[in-house]
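Here is how the chains run, residue by residue.
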Amino acid sequence: RYNSVLVNVYDTDKHRINHHIDDTELLADGEVCSVSLAKTQEQFDGNVLLAEMEFKNADGTVVKHELRHGTVCRFDAFADSRDKRSHGVLWTHAQGRVNVTFRNVKPGSLGPLLEEPGNGATCWDDF
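The structure contained in this document is the topic of the report that follows. This one's a predicted model, so the numbers in the text were calculated from it and none came from an experiment.

The rules behind the values
Residues numbered from 1 in each chain as written. Predicted model: local features only at pLDDT ≥ 70, side-chain atom pairs only at ≥ 80, totals over all residues. Heavy atoms only, no water. Core = buried A, V, L, I, M, F, W, Y, C linked by side-chain atoms within 4.5 Å. Buried < 20%, exposed > 50% of the residue type's maximum accessible area, 1.4 Å probe, protein only. Helix = DSSP H or I, 4+ residues; strand = E, 2+ residues; numbered from the N terminus. Contact = heavy atoms within 4.5 Å. Pairing = 2+ DSSP bridges. Axes fitted to C-alpha atoms, helices over the stretch in contact; angles between N-to-C directions. Phe/Tyr/Trp six-rings, centres within 6.5 Å; stacked < 30°, edge-to-face > 60°.

Our focus in this paragraph is the nonpolar core. L27, V32, A51, M53, F55, L67, C73, F75, A77, V89 and V105 together form the largest nonpolar core, which totals eleven residues. The set of elements that each furnish at least two residues to this core consists of β4 (51-56) and β6 (72-76). Of the residues forming this core, the biggest block, three residues, is contributed by β4. Residues in contact with A51, not counting those within four places in the same chain, are H65, E66, L67, V89, W91, T92 and R97.

If you want it as structure tokens, here you go:
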């Protein structure tokens, strides 16, 4: 179903995402699935608020969603673009968080996969 994944590590409360509307040019369909994950052991408690995601409608009304460890947020990027509905994460927990976003992009739109050793790809296993 999804053929693209983006992992963002937000290290501190200084990292955020301002309101924006996703660029849909490369998307095969509009479904976006975003999962918030704890970054530290203390955050694994489901009561710890990691961040808050806001959706702002064209008329200025705002809908907020609390993001905790394991929260899944789905939205339709095509509908949001059409309706001029933006979204953003304006604050993050002081100890940060991890976000994993899944999308279905058009075949070939991201270029060749980086599969060969020495291709400049970087991996981290210590976050």
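Now for the sheet that holds strand β5 (residues 62-67). As summarised here, the arrangement of the four strands in space is β2-β7-β4-β5, forming an open sheet in which the pairing is antiparallel. A single partner strand is all that each edge strand has here, and the edge strands are β2 (17-20) and β5. Neighbour to neighbour, the strand axes of the sheet diverge by 20° on average, direction disregarded. Judged from the five bridges that link them, β4 and strand β7 (residues 86-92) form a sheet pairing that is antiparallel. The residue of β7 that forms the bridge with F55 is H87.

This part takes up the packing of aromatic side chains. All chains considered together, the criterion is met by two aromatic pairs. Taken together, a centroid distance of 5.8 Å and an interplanar angle of 40° make the contact between Y2 and F102 tilted. Taken together, the positions of Y2 in the segment before β1 (4-10) and F102 in strand β8 (residues 97-103) put the pair 100 residues apart, joining distant regions of the chain. For Y2, a relative accessible area of 26% corresponds to the partly exposed category. Ring centres 5.5 Å apart and planes at 70° place the aromatic pair F55 and F75 in the edge-to-face group. Taken together, the residues span a long stretch of sequence, with F55 in strand β4 and F75 in strand β6 at a distance of 20 residues. With respect to burial, F55 and F75 carry one shared label: buried.

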